[in-house]
Number of protein chains: 2
Amino acid sequence: SKAKVGKMELDSKPHASEKVQQEIIELADEVQNEIDRLNEKAAEEILKIEQKYNNLRKPFFEKRSELMTKIPKFWVTTFVCHPQVSSLLGKRDIDALHYLTRVEVTEFEDNKSAYRIDFYFDKNPYFKNEVLSKEFHLDENGDESTKSTEIKWKFGRDLTKRSIPKLSKASKKRKRPEPESFFTWFTDHPDAGPDELGELIKEDIWPNPLHYFLAPELDDDEGDGDDEDKNKGVEGDDERKGGKVVEGEDDKKNPDG
Amino acid sequence: SKAKVGKMELDSKPHASEKVQQEIIELADEVQNEIDRLNEKAAEEILKIEQKYNNLRKPFFEKRSELMTKIPKFWVTTFVCHPQVSSLLGKRDIDALHYLTRVEVTEFEDNKSAYRIDFYFDKNPYFKNEVLSKEFHLDENGDESTKSTEIKWKFGRDLTKRSIPKLSKASKKRKRPEPESFFTWFTDHPDAGPDELGELIKEDIWPNPLHYFLAPELDDDEGDGDDEDKNKGVEGDDERKGGKVVEGEDDKKNPDG
């Protein structure tokens, strides 16, 4: 802009009375300061409300997580029932996600755009970690960066490697190419853009995971085909068995065979 | 996701006790309802605070607008001093913007993403309108639409038409091609994306127009070259004349010649 303005004539001798004009600018500046003060106070009050409700919500989130660990295959069913997340899951990913017992999203209070997702797993045939985490940060330039747990794969079990030692019968039958493994998501890239899966889990699933777990569009083999409101809940609804359980076709029962 | 899940085996006979599982899901649903209620209450409280501060700010915004109308060439200087907006202005646009006396941004309270910008003009040689407005709306699908004032150009004065009847000396000297006229912005396009200029005015200029009006980087001809905080304000700062006034090189004084 400097270069452009340099080409124009700048008149530094204001018309009329320079003193009067200067006084008006100072008045406008004072009014602007009042507006700035009100903006700050509004932001403070809003932050307080957010913190108050974060605290009020916390025990309910904890209770919810606890209850969900008691529902068999809760998280794998929820992920498979989410249209976009589902499309990111390969068949072997789904098998591994049967061991996912708990998902937690934590937003960092000091920085609105930073958050972490923790995935807690039962002992499983794929990796040794009990928790896989991915942390998201925004720097001052608006660039995203991530920090993920390194997955300690068990021998021959690395799902992010395409070269599968032995194809199962089921895999051979599948025509559709497998998507890149869900677990490649735990690989940090230096200049990653906005994280699609992170946003889906944080914005879409975490506010109401039951909404996907109970999604009626999955009641295929029950054949009731109801399309009532998905948010209705479960009270007094006999047709909702809750837990349209997804059974892996893979070698889960005999994982090391 | 239906198609995909259809390929998997869905086990509708939950393990352990189906009744117990159903009870757990109902409990989780109740907890979810508590979370939803808290979210709603938080949103209501935040909206109330926003409304409260909108009302508190209103008289100051009005006072500020009033004062700015008394500062010669306030808005044209502010626009020219804004790096991105400046790059959208042709020389003849800048001349026309000398007649801009007042800019108002109005956010519609019932719909956060809808807003209107009003530009008030003095009697001028270019168009007959006293106010040019542009309104921005977001529909449910997230698509933007706009509604703008039709500019009633005076004869031969349509700045959006490239064929200029008579080039001024100054124009002939300029090597850089003129950008498309600023005033083409008042033409509505059916599927416009996010409006860059609208966002710049609403998010960047409107919160503090004085910040750009007083921008020290323009003090070229005063030669003081200070790079102190731009937000500092004007109190007791003798070097800030306020109103680094932009003089059009065009035929403003004799507009119909």
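Residues numbered from 1 in each chain as written. Chains lettered and ligands numbered in written order. Predicted model: local features only at pLDDT ≥ 70, side-chain atom pairs only at ≥ 80, totals over all residues. Heavy atoms only, no water.

Taking an unreviewed UniProt entry as the reference, chain A is identified by name as SET nuclear proto-oncogene belonging to Otolemur garnettii. Under Sequence similarities (unreviewed entry), UniProt gives the following word-for-word description of chain A: "Belongs to the nucleosome assembly protein (NAP) family." (UniProt positions renumbered as here; feature names shortened; annotations may be inferred.)

Enquirer: How should I be thinking about the overall build of chain A in this particular structure?
Expert: In terms of regular secondary structure, chain A is built from eight helices and six strands. Secondary structure elements of chain A, listed N to C terminal, follow the sequence α-β-α-α-α-α-β-β-β-β-α-α-α-β. Expressed as a percentage of the 257 residues in chain A, the buried residues total 45%. Of the accessible surface of chain A, which amounts to about 14000 Å², a share of 50% is contributed by carbon and sulfur atoms. (Helix = DSSP H or I, 4+ residues; strand = E, 2+ residues; numbered from the N terminus. Buried < 20%, exposed > 50% of the residue type's maximum accessible area, 1.4 Å probe, protein only. Areas by Shrake-Rupley, 256 points an atom, 1.4 Å probe, with all protein chains shown as cover.)

Enquirer: Would you explain the pairing of strand β4 (residues 131-138) of chain A in this entry?
Expert: Here is the key point about a regular strand: its side chains alternate between the two faces of the sheet. All names here are of chain A. Across six bridges, strand β3 (residues 115-121) lies against β4 in antiparallel orientation. Along β4, the bridge assignment pairs I117 with K134. Judged from the five bridges that link them, β4 and strand β5 (residues 144-148) form a sheet pairing that is antiparallel. The residue bridging H137 from the neighbouring strand is S145, located in β5. Counting the residues that bridge the hairpin from β4 to β5 gives five residues, and of these G142 lies at a positive phi of roughly 80°. (Pairing = 2+ DSSP bridges.)

Enquirer: It is not clear to me how the UniProt feature "coiled-coil region" (unreviewed entry) in chain A should be interpreted in this structure. Could you clarify?
Expert: Taking the numbering used here, the UniProt-annotated feature "coiled-coil region" (unreviewed entry) corresponds to residues 17-55 of chain A. Along residues 17-55 of chain A the backbone is 97% helical and 0% strand, and the end-to-end C-alpha distance reaches 57 Å.

Enquirer: Even after reading the chapter, I still don't get the sheet that holds strand β3 (residues 115-121) of chain B, so can you show me in this structure?
Expert: The strands that make up a sheet are held in pairs by hydrogen bonds between backbone atoms, and each pair lies either parallel or antiparallel. All names here are of chain B. The sheet built from four strands is open, its strands ordered β2-β3-β4-β5 with antiparallel pairing. Looking along the sheet, the strands with just one partner apiece sit at the ends: β2 (100-107) and β5 (144-148). Averaged over all pairs of adjacent strands, the angle between their axes in this sheet comes to 15°, without regard to strand direction. Sitting on the sheet, helix α3 (residues 74-81) is in contact with β2 and β3, with an inclination near 70° to β2. In this fold helix α7 (residues 196-205) packs onto β2, β3 and β4 (131-138), with an angle of close to 85° to the strand it touches most, β3. (Axes fitted to C-alpha atoms, helices over the stretch in contact; angles between N-to-C directions. Contact = heavy atoms within 4.5 Å.)

Enquirer: Which parts of the structure should I look at to understand the sheet that holds β3(A)?
Expert: All names here are of chain A. Read across the open sheet, the four strands follow the order β2-β3-β4-β5; overall the sheet is antiparallel. Edge positions in the sheet fall to β2 (100-107) and β5, since each has one partner strand and no second. On average, each strand axis in the sheet is tilted by 15° relative to the strand beside it, whichever way the strands run. Most of the contacts of helix α3 (residues 74-81) go to β2, to which it runs at about 70°, and overall it touches β2 and β3.

Enquirer: Could you clarify how one ought to interpret unusual backbone geometry in this entry?
Expert: Peptide bonds are mostly trans, and most non-glycine residues show a negative phi. Phi angles above zero are rare outside glycine, and K73(A) is one such case at about 60°. Secondary-structure assignment places K73(A) in the loop between α2 (18-69) and α3.

Enquirer: Looking at this structure, I do not really get a negative patch on the surface. What am I missing?
Expert: Together, D139(A), E140(A), D143(A) and D191(A) give the surface a local cluster of negative charge. Relative to the helices and strands, D139(A) resides in the loop between β4 and β5. (Patch = residues over 30% accessible without salt bridge, like charges linked within 9 Å, V, L, I, M, F, W, Y side chains within 5 Å. Salt bridge = Lys/Arg side-chain N within 4 Å of Asp/Glu carboxyl O. Lys, Arg positive; Asp, Glu negative; His and termini not counted. Charge placed at Lys NZ, Arg CZ, Asp CG, Glu CD.)

Enquirer: Could you clarify how one ought to interpret the packing of aromatic side chains in this entry?
Expert: Here the structure, examined in full by the defined rule, presents 40 aromatic pairs over all chains. Consider the rings of F79(A) and F182(A), whose centres lie 6.5 Å apart with planes at 55°: the pair is tilted. Placement of the pair is F79(A) in helix α3 and F182(A) in the loop between α6 (169-173) and α7 (196-205), with a sequence separation of 103 residues. Just as F79(A) is buried, F182(A) falls in that class too. Centroid distance W153(B) to F183(B): 5.7 Å. Interplanar angle 80°. Geometry classified as edge-to-face. Of this pair, W153(B) sits in the loop between β5 and α6 (169-173) while F183(B) is found in the loop between α6 and α7, placing the two residues 30 residues apart along the sequence. Assessed through its relative accessible area of 18%, W153(B) is described here as buried. One cation-aromatic arrangement involves K202(B) over Y115(B); the distance from NZ or CZ to the ring centre is 4.7 Å. (Phe/Tyr/Trp six-rings, centres within 6.5 Å; stacked < 30°, edge-to-face > 60°. Lys NZ or Arg CZ within 6 Å of the ring centre and 35° of its normal.)

Enquirer: What's the story with the packing of α2(A) against helix α2 (residues 18-69) of chain B in this structure? I'm lost.
Expert: The description of two packed helices rests on the angle between their axes and on the distance between the axes. The interhelical angle for the contact between α2(A) and α2(B), taken along N-to-C directions, is 180°, at an axis separation of 10 Å. Compared by their axis directions, α2(A) and α2(B) come out roughly antiparallel. In terms of residue class, the contact of α2(A) with α2(B) is made up of 28 nonpolar, four polar and 16 charged. (Parallel < 35°, antiparallel > 145°, perpendicular 65-115°, else oblique. Nonpolar A, V, L, I, M, F, W, Y, C, P; charged D, E, K, R; others polar.)

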